Structures are given as C-alpha cells and as structure tokens.
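Working through the structure, step by step
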Amino acid sequence: SQQGEEDPQALSIQEGENATMNCSYKTSINNLQWYRQNSGRGLVHLILIRSNEREKHSGRLRVTLDTSKKSSSLLITASRAADTASYFCATGRTNNAGNMLTFGGGTRLMVKP
Amino acid sequence: ETGVTQTPRHLVMGMTNKKSLKCEQHLGHNAMYWYKQSAKKPLELMFVYSLEERVENNSVPSRFSPECPNSSHLFLHLHTLQPEDSALYLCASSQDERTSAELFFGEGSRLTVL
C-alpha cells in the first residue's frame, strides 16, 4: 500500500476560507514534503518539514508533523481561487539508493470565488 | 518556468512504435528522476539517476528504457508499449539524491498508447 495517503481526496471551499489537508504514512521518515499540481502540469514544491520539526510556516501555508501519529497536515489560510489545484504529500526515507520520495494520491482542492 | 524542460508535451503512439521522451534541466542538479502519473493512482517513481549513474529502478518493465548521457539530460525510450502505459510522465531533478532534496518537476509528457 502507498506510504502517504491524503485526506480528504477532494475538498471544495469558498474563497477566504481555510483549507486543511491531511497526510498519513506508515513507515519512519526523514522528512515530509508538500507539493502542488495544477491540472495537467508538473508538481511544484511548497514546503519541507523534517522529522525533528513539529510545525513550519511559509506565507499562507502552515504544515504540522506528528511523528507519533505518523501524520501531517497542510493548512492554507485565506484561500484564493488561484489555490485550486491538487496537493500531494511526499515522504522521504533513506535506503541504499538515497532519495526515495513516495507520493500520496493527493487532495483535489477547489476554491470557489 | 521551473528550469526543467520536457519534450514532447503530448505524444500519441501505437503499440509497435518506438519513441523517446526527453528531459533537460538547467539547474545544475546532480540527480534526475522519471515518475509516472496515472489517473487515480499516486505518482510512481520509475528511475533515479545520480551523477549519470542509475541508482534506482523500481521494477519497471523493460519496454521502458532510460538513458542519462550527462547530468543535464535524461531520456525515456519507449517501445512496444501497452495501452495501460498511457499516463503523464514527469521528469524531476534535485541537487542530489538525498531525501531532503527538493524536487523540481517538468511540465510532463502526456503519453497516449493506442
């Protein structure tokens, strides 16, 4: 089964509201990253949180990490129509090959103007 | 513009064709990746190259053949594909292959196999 699983799979909110997306994972990680993908485009890195960090901010984004629960959340405050996209968490772990980022299935966020 | 360029953006091919996807990064990174994104499935890592050497191959069928001639270029050679191989193929690069490295993605090549 996949390492990261986002919840909910789809989220629809009004502009100005906050959007919260959750990610759960199964194995130990070095870090967790969040990416954004506009429809049919490539992924764009949003934020990275290391396993020894609990919370991180970047502009309107706030990410939390709870390693005891193996979960992370991404909060987008004061959402805008331009935030409409799919959001993916990716968990980083180390093996002999180095960088193994495993992506979840994503949350499709729609922000209505 | 992320600094990672993929061509072609769209490709339609028959099951007996041979084609190639190209990826070029202008970021001076040492690691490059191929990912497959199918509808309703998570991103699947296919290949990882670090300093032009393949360091990971996630049990990808041999009909997909990667090539990394230098640290700036990555190819995915395709032959005798199946319709289920239709997907968005994403190339990415990172400074190195450490797990803390941020991935920079191209816009993807949308492949349709008839």
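Rules used in this analysis
- Here the residue numbers are simple positions, counted from 1 along each chain's written sequence.
- Each chain gets a letter, beginning with A, and each ligand a number, beginning with 1, in the order they are written.
- This being a predicted model, a pLDDT of at least 70 is required before a residue's local features are given, and a value of 80 or more before pairs of side-chain atoms are given or counted; all residues contribute to the totals for chains, interfaces and linings.
- Note: side-chain values were computed over all heavy atoms of the structure, leaving out hydrogens and water.
- Under the DSSP-based scheme used, a helix requires at least four consecutive residues in state H or I and a strand at least two consecutive residues in state E, with every element numbered from the N terminus.
- For this measure, only C-alpha atoms enter the radius of gyration; the expected value for a globule follows 2.2 Å times N^0.38, where N is the number of residues.
- Whether a residue is buried, partly exposed or exposed follows from its accessible area with a 1.4 Å probe, protein chains only, as a fraction of its type maximum: under 20%, in between, or over 50%, in that order.
- Here, residues are in contact when the closest pair of their heavy atoms is within 4.5 Å.
- Per-residue and other accessible areas follow the Shrake-Rupley method at a 1.4 Å probe size, with only the shown protein chains counted as cover for residues.
- When charges are tallied, Lys and Arg are placed among the positive residues and Asp and Glu among the negative ones, while His and the ends of the chain are skipped.
- All charge positions are set by atom: Lys at NZ, Arg at CZ, Asp at CG, Glu at CD.
- When DSSP finds at least two bridges between two strands, those strands are taken to pair.
- Think of it this way: a Phe, Tyr or Trp ring, Trp meaning its six-membered ring, pairs with another when their centres are within 6.5 Å, and the plane angle makes it stacked under 30 degrees, edge-to-face over 60, tilted otherwise.
- Polar contacts here mean pairs of N or O atoms no more than 3.5 Å apart (in protein, one a potential hydrogen donor and the other a potential acceptor; neighbouring residues in sequence count only if both atoms are side-chain atoms).
- The rule for a salt bridge is simple: a side-chain nitrogen of Lys or Arg has to be within 4 Å of a carboxyl oxygen of Asp or Glu.

What about the overall build of chain A?
- Helix and strand counts for chain A come out as zero helices and eleven strands.
- Along chain A, helices and strands appear, N-terminal first, in the series β-β-β-β-β-β-β-β-β-β-β.
- Relative to the globule expectation of 13 Å for 113 residues, the C-alpha radius of gyration of chain A, 14 Å, shows essentially globular dimensions.
- Its C-alpha atoms give chain A principal-axis dimensions of roughly 45 × 30 × 20 Å.
- Scored against the burial criterion, the 113 residues of chain A give a buried share of 46%.
- Put simply, of all contacts in chain A between residues at least 6 apart along the chain, 55% involve residues at least 24 apart.
- As presented, chain A carries roughly 5300 Å² of accessible surface, and 45% of it is formed by carbon and sulfur atoms.
- Taken as two groups, the 14 positive and 9 negative side-chain charges of chain A have centres that lie 5 Å from each other.

What to know about the pairing of strand β2 (residues 10-14) of chain A
Residues and elements named next belong to chain A.
- Where burial is concerned, the two faces of β2 differ: the one with Leu 11 and Ile 13 is buried and the one with Ala 10, Ser 12 and Gln 14 is not.
- As defined by bridge partners, β2 adjoins strand β11 (residues 107-112) across five bridges and the pair is classed as parallel. Each residue of the ladder has a partner; that of Ala 10, found in β11, is Arg 108.

Let's talk about the packing of aromatic side chains
- Overall, the coordinates contain seven aromatic pairs over all chains when judged by the stated rule.
- On the basis of an interplanar angle of 35° and a centroid distance of 5.8 Å, the ring pair of Phe64(B) and Tyr89(B) is categorised as tilted. With a gap of 25 residues between them, Phe64(B) in strand β7 (residues 64-70) and Tyr89(B) in strand β9 (residues 87-94) connect regions that are remote in the sequence.
- Its relative accessible area of 6% is what places Phe64(B) among the buried residues.
- Judged by relative accessible area, which is 0%, Tyr89(B) ranks as buried.
- Among the aromatic residues, ring-to-ring pairing joins Tyr35(A), Phe103(A), Tyr33(B), Tyr35(B) and Phe105(B) into one connected group.

A short note on the environment of Glu107(B)
- Locating Glu107(B) in the fold gives a position in the loop between β10 (104-105) and β11 (109-113).
- With 103 residues separating them in the primary sequence, Glu107(B) and Val4(B) have C-alpha atoms 7.9 Å apart.
- Residues in contact with Glu107(B), not counting those within four places in the same chain, are Gly40(A), Arg41(A), Gly42(A), Val4(B), Gln6(B), Arg9(B), Leu88(B) and Leu90(B).
- At a separation of 2.5 Å, a polar atom in the side chain of Glu107(B) contacts the side chain of Arg41(A).
- Within the structure, the side chain of Glu107(B) is placed 3.0 Å from the backbone nitrogen of Gly42(A), a separation counted as a polar contact.

What to know about the pattern of salt bridges
- Enumeration according to the criterion identifies seven salt bridges over all chains in this entry.
- The partner of Arg41(A) in a salt bridge is Glu107(B), with the nearest N and O atoms 2.5 Å apart. You can see Arg41(A) sitting in the loop between β4 (31-37) and β5 (43-50) and its partner Glu107(B) sitting in the loop between β10 and β11, one on each of two chains.

Coordinates in, geometry out; function isn't part of it.
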